[in-house]
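Close look at the chain arrangement
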Amino acid sequence: MAQKAVQLDKETFSCPICLDLLKDPVTIPCGHSYCKNCIKDHWDTEDEKRIYSCPQCRKSFIQRPELLKNTMLAALVEQLKKTGLQAAPADLCYAGPEDVACDVCTGRKLRAVKFCLQCMASYCEKHLQPHYQSATFKKHKLVEPSKNLQENICSRHDELMKMFCRTDQQCICYLCSVEEHKGHDTVSAATERQRELEERQRKLQGSQHEIQQRIQDREKDVKVLQREVKAINGSADKAVGHSEKIFTQLIRLMEKRRSDVKQQVRSQQETEVSRVKELQEKLEQEITELKRKDAELKKLSHTEDHNQFLHNYPSLSALSESTHSSSIKIRPLKYFEDVTAAVSKLRDKLQDILRETGTNISLKETKVDVLPSQPELKTRADFLRYSCEITLDPNTAHNRLLLSEGNRIATLVSQHQSYSRHPDKFSWWPQVLSRESLTGRCYWEVEWRGGVGVAVAYKNISRVGNSDECGFGYSEKSWMLYRNPDNYEFWYKQVKTPVSGPESSRVGVYLDHSAGILSFYSVSDTMTLLHRVQTTFTEPLYAGLQLKRFRESVVICKLK
């Protein structure tokens, strides 16, 4: 309520010309008040008429009235400014670029709040008041203002189009219904709207019933999938647990075997080292004894006492039994390599077992039949929902293929094109691939004439040479529909399949990569299936074109 009072005060002390708070308010003889400059400028424009009127009540004055300051209004306006009641700025009421302006306002126009269907005019809050206060306007119908309301005005008769012609399916005015639409099935726009609403309501109820049924079906499917997820997780956890347990046992067996081998080697090492050291000590003792006797014999050989020589010689010359070299068995330095070889052989056997077992242990794909199936595509509009932008890749184009129109047209010419050398280029086959990879659901159309092949291929198809591995439809890496002058052929892995169908200059290609579906259609007023492939695609595909006759072209159509 307070805000409403503020707005009322604001309007009370606003100038009817500039619609802002009064500045230097003056009152003219009829009693209305204006900004001094506003009324002065207004009367300046009426000097030529020599009749001066009030912009509000239109009362005329023969002589230009003298403008005297209204001190009371001036004081009230100042008080209004001080109390802040002007906080609701007039600019908020002015019509902006996106607003509908009042048709009555002069100067800076206010924003319209209603449009009168009888007056055919938009009104601001101020100029709308007569429609609320005067009995003359009581029956006028007011609607929300809109910039598009002009579209509801008949351009021929400048009348509101309140009628609807069912024959021509268009809105018309009353005069149209009795002139150029005379004899047509015409009703009021309100009647047609009501009929349309009832028809849409029936369709809506049918759609709601179908939606509810589909919701129930999908909820059932979700529950099945949830159980499937739970079963998959449980089975996987169980398999992982058992595998961990078995591999732990295997590791323990390997650890034990490693410990046993280590212990055996160390024990044998200790035995052999002890035997060798024992023999070594025996030989060292024998060497010491021999050196001692050698020294004594040397000393005896230099004595000059004959009796002493003869007495000691027999005992010194007698040698103890010597250790024969044949009793010293030296084993080769590669003594323990047989152990290493045995362990290596064990490792190789284990690797073979693990490799073979690893190949056999694979997670098989779980197929769930409850997943919602894709609806069958029948009309061209159905296919166009999956249309994709395709351009040809010059890096893959054979040197005699001329690409044009933004790399959407390929023409086989006699002259070599100046393409840069690239490993992706087809060196012998007159073929080209698209830049874009194809996954998911894709649809594109091709305009063709003469002998032209439309294909899809994996990126790793061979490019160099004239082998069959490079040609579309000659290996397991590409599929091609070829058009002869009078028939069609489908090629895959060098197998030709005759295809029958209506003659058409345009062919549509539909790919559902995840479902493994590749279809070719003859495009005219209807979509006619030429050939369909059901397989499993393991990599992204690329669109391909093949031409065989000079000066023939093929165009990838723009569908968006």
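Each residue is numbered by its place in its chain's sequence as written, counting from 1. Local features are withheld for residues below a pLDDT of 70 in this predicted model, meaning they are given only at 70 or higher, and side-chain atom pairs are given and counted only at 80 or more; totals for whole chains, interfaces and linings count all residues. Remark: hydrogens and water are excluded; side-chain values derive from all non-hydrogen atoms of the structure.

Per an unreviewed UniProt entry, the protein chain is named Tripartite motif-containing protein 16-like, and its organism is Sparus aurata.

1. Things to note about helix H2 (residues 36-44)
Within H2 the residues assigned to the buried category are Cys38, Ile39 and Trp43. For H2, the angular spread of buried residues about the axis comes to 125 degrees, placing them on one side. The elements touched by buried residues of H2 are strand E1 (25-27), strand E2 (33-35) and strand E3 (52-53). Partly exposed describes any residue whose relative accessible area lies between the buried limit of under 20% and the exposed limit of over 50%, with all areas from a 1.4 Å probe on protein chains only and scaled to the type maximum. Put simply, DSSP marks the helices as runs of H or I at least four residues long and the strands as runs of E at least two long, and each gets a number from the N terminus on. What the arc covers is the set of directions going from the helix axis to the C-beta atoms. A contact between two residues is defined here by any heavy atoms of the two lying within 4.5 Å.

2. Quick notes on the sheet that holds strand E16 (residues 478-483)
Pairing between strands is defined by DSSP: at least two bridges between the two strands are required. What the 6 strands build is an open sheet, ordered E13-E22-E15-E16-E17-E18; its pairing is antiparallel. At either end of the open sheet lies a strand with only one pairing partner, and these are strand E13 (431-438) and strand E18 (495-499). Pairs of neighbouring strands in the sheet enclose a mean axial angle of 20 degrees, with direction left out of account. One ladder, built from 4 bridges, connects E16 with strand E17 (residues 488-492); its direction is antiparallel. Residue Leu481 lies in a different strand from E17, and its bridge partner there is Phe490. Here the axes come from fitting lines to C-alpha atoms, over the contacting stretch only for helices, and the angles between their N-to-C directions go from 0 to 180 degrees.

3. Some remarks on the pattern of salt bridges
Between side chains of opposite charge, a pair can form as their charged atoms come close. A pair is scored as a salt bridge if a Lys or Arg side-chain nitrogen falls within 4 Å of a carboxyl oxygen belonging to Asp or Glu. If you walk through the whole model with that rule in mind, you get 17 salt bridges. Of the charged contacts in the structure, one is a salt bridge between Glu199 and Arg202, with a shortest N-O distance of 2.2 Å. Highlighted residues: Glu199 and Arg202, both in helix H6 (residues 189-301), separated by 3 residues, approximately one helical turn. Among the ionic pairs, Glu447 bridges to Arg506, the shortest N-O distance being 2.9 Å. Of this pair, Glu447 sits in strand E14 (residues 441-448) while Arg506 sits in strand E19 (residues 506-512); the two residues are 59 residues apart in sequence, bridging distant segments of the chain. A single network of salt bridges, built from pairs that share partners, joins Arg380, Glu445, Glu447 and Arg506.

4. Description of the packing of aromatic side chains
When two rings of Phe, Tyr or Trp (its six-membered ring) have centres within 6.5 Å they constitute a pair, described as stacked for plane angles under 30 degrees, edge-to-face for angles over 60, and tilted for the intermediate range. Taken as a whole and assessed by the stated rule, the structure comprises 14 aromatic pairs. A ring pair is formed by Trp479 and Phe537, whose centres lie 5.2 Å apart and whose planes are at 85 degrees; its orientation type is edge-to-face. Pair noted here: Trp479 is in strand E16 and Phe537 is in the loop between strand E21 (527-534) and strand E22 (541-547), with a separation of 58 residues, a long-range link. Like Trp479, the residue Phe537 is buried in the burial classification. Through pairs of rings, three or more aromatic residues link up here, namely Phe383, Tyr386, Tyr443, Tyr510 and Tyr521. Both a distance and an angle decide whether a charge sits over a ring: NZ of Lys or CZ of Arg must be within 6 Å of the ring centre and within 35 degrees of the ring normal. We note Lys548 situated over the ring of Tyr482; from NZ or CZ to the ring centre the distance is 4.8 Å.

5. What to know about the state of the cysteines
The criterion for a disulfide is a pair of cysteine sulfur atoms lying within 2.5 Å. Using the criterion set out here, one finds 0 disulfides in the structure. There is no disulfide at Cys15, and the cysteine sulfur nearest it, in Cys35, is 3.9 Å away. Relative accessible area serves as the criterion here: at 0%, Cys15 is assigned to the buried category.

6. Quick notes on the confidence of the model for the protein chain
Looking at the protein chain, pLDDT values average 83 and 88% of them are 70 or higher. pLDDT runs from 0 to 100 and stands for how confident the predictor is about each residue. In this model, residues 85-91 is a region of pLDDT below 50 whose contacts with residues beyond four sequence positions or in other chains number 13 contacts. Across residues 362-372, where pLDDT falls below 50, the model places 9 contacts with residues more than four positions away in sequence or in other chains.

7. Focus: the sheet that holds strand E10 (residues 186-188)
If you walk across this open sheet you meet the 3 strands as E9-E8-E10, and the pairing is antiparallel. Each of the sheet's edge strands pairs with one partner strand only, and the pair in question is strand E9 (170-172) and E10. Along the sheet, successive strands turn relative to each other by an average axial angle of 35 degrees, direction set aside. As defined by bridge partners, strand E8 (residues 163-165) adjoins E10 across 3 bridges and the pair is classed as antiparallel. Bridge pairing in E10 links Met163 to Ser188. Where H6 meets the sheet, its contacts fall on E8 and E10, and the angle it forms with E10 comes to roughly 90 degrees.

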